[in-house]
Amino acid sequence: MRVGLLGCGSIGSYVAKKIDDGKVSNTELICIYDKNTSLVVKLNEELKNKIFVSKSIQQLLENNLDLVVEAASQKAVNENLNKIITSGSDVLIMSVGALLDEQLLNNALRICSEKNTRIYVPSGAVVGLDGLKSAMSANVYEVEITSIKPKEAFVNNRFLNEKGVDISKISAKTVVFDGFAKEAVKHFPKSVNVCATLSLAGIGAEKTKVKVVVDPNAKIIIHKIRVKGGFGEFFTEVRNVQSPQNPKTSYMACLSALNTLQKLSDKTLQIGT
């Protein structure tokens, strides 16, 4: 499988290095691209096998790729998703919040149908998606997620700055957002992609409830999920170590991206839905 990488931050670098180390079978990293050229240079220096550094998304897509791994931003998805799938490449999306734009998603799905390409969304930093998807065969009434993160995950957050919330002065657990996924992904584009994934798998972004909590004493990232429906009710809680490179990212999100790649490259055994 020929893979291109869009975004060379914490998740993208992790995935690139694992492919470079031969940890993903039948997979070769062909090229990388990021608007931040310093990230590209740094990543390429850290790889054992030097690869093609693309100067644009168009140049990236000229490499006859089977899959593009997006690990950049919601903005990058908005700007490049249709270009990627139109080129004939599948795409793995990490900045899932972008897909809550119904027009973007519907256009992308139409192109996928025309070009016989696919969009993959890893489970990311949460657990329980298999259960939620199974429960949707019945009637799911409620889906809610509470995300608890340390203060450094919210540094320079525009929404909180505009609200006059001084992160440095928070001394106890504080709910900084209580609403629905549709708005949460706009206000916290780098912190709550998990709620977008839940929305897509479940009852939608306008019904999926989200609480975002700042905990100044937290050393890990916690996601608590509750799902209720005709099947009954289930709860999940995952306590994620932060990515060493980026406190806004769960290490579990990196692992999920890697696991999805492995499933795509080796389809002889698949466990779960």
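Up top is the structure.
Summarised in this report is the structure supplied together with it.

Conventions adopted
- Residues numbered from 1 in each chain as written.
- Predicted model: local features only at pLDDT ≥ 70, side-chain atom pairs only at ≥ 80, totals over all residues.
- Heavy atoms only, no water.
- Pairing = 2+ DSSP bridges.
- Helix = DSSP H or I, 4+ residues; strand = E, 2+ residues; numbered from the N terminus.
- Salt bridge = Lys/Arg side-chain N within 4 Å of Asp/Glu carboxyl O.
- Buried < 20%, exposed > 50% of the residue type's maximum accessible area, 1.4 Å probe, protein only.
- Axes fitted to C-alpha atoms, helices over the stretch in contact; angles between N-to-C directions.
- Contact = heavy atoms within 4.5 Å.

1. Brief notes about the sheet that holds strand E6 (residues 119–120)
In spatial order, the strands read E3-E2-E1-E4-E5-E6; together these 6 strands make up an open sheet with parallel pairing. The open sheet has two edge strands, strand E3 (52–53) and E6, and neither has a second partner. Across 4 bridges, strand E4 (residues 67–70) lies against strand E5 (residues 90–93) in parallel orientation. Bridged to Leu 67 within E5 is Asp 90.

2. Topic: the environment of Arg 110
One can find Arg 110 in helix H5 (residues 102–115). C-alpha separation for the pair Arg 110 and Asn 82, spaced 28 residues apart in sequence, amounts to 9.9 Å.

3. Let's talk about the pattern of salt bridges
According to the stated counting rule, one finds 10 salt bridges in the structure shown. For Lys 48, the salt bridge is made with Asp 21, and the minimal N-O distance between the two is 3.0 Å. Placement of the pair is Lys 48 in the loop between helix H2 (37–46) and E3 and Asp 21 in the loop between helix H1 (10–20) and strand E2 (28–33), with a sequence separation of 27 residues. Of the residues examined, Lys 48 reaches a relative accessible area of 60% and is grouped as exposed. Overall, the relative accessible area of 40% leaves Asp 21 in the partly exposed class. Of the charged contacts, one joins Glu 144 and Arg 226 as a salt bridge, the two residues approaching to 3.2 Å between their closest N and O atoms. Residue Glu 144 is located in strand E7 (residues 140–149), and its partner Arg 226 is located in strand E10 (residues 221–229); the two are separated by 82 residues in the primary sequence. A relative accessible area of 26% places Glu 144 in the partly exposed class. Several salt bridges share partner residues, and in doing so they unite Glu 142, Glu 144, Arg 226 and Glu 233 into one network.

4. As for the sheet that holds strand E11 (residues 232–240)
Within the open sheet, the 5 strands sit side by side as E8-E9-E7-E10-E11. Their pairing is mixed. The sheet is open, and its two edges are formed by strand E8 (174–180) and E11, each paired on a single side. Mean inter-strand twist for the sheet, computed between neighbouring axes without regard to direction, equals 10 degrees. Sheet topology places E7 next to strand E9 (residues 209–214); 6 bridges connect them, and they run parallel. The residue bridging Glu 144 from the neighbouring strand is Lys 209, located in E9. Contacts between helix H9 (residues 193–201) and the sheet are confined to E7, E9 and E10, with E7 contributing the most and set at about 170 degrees to the helix.

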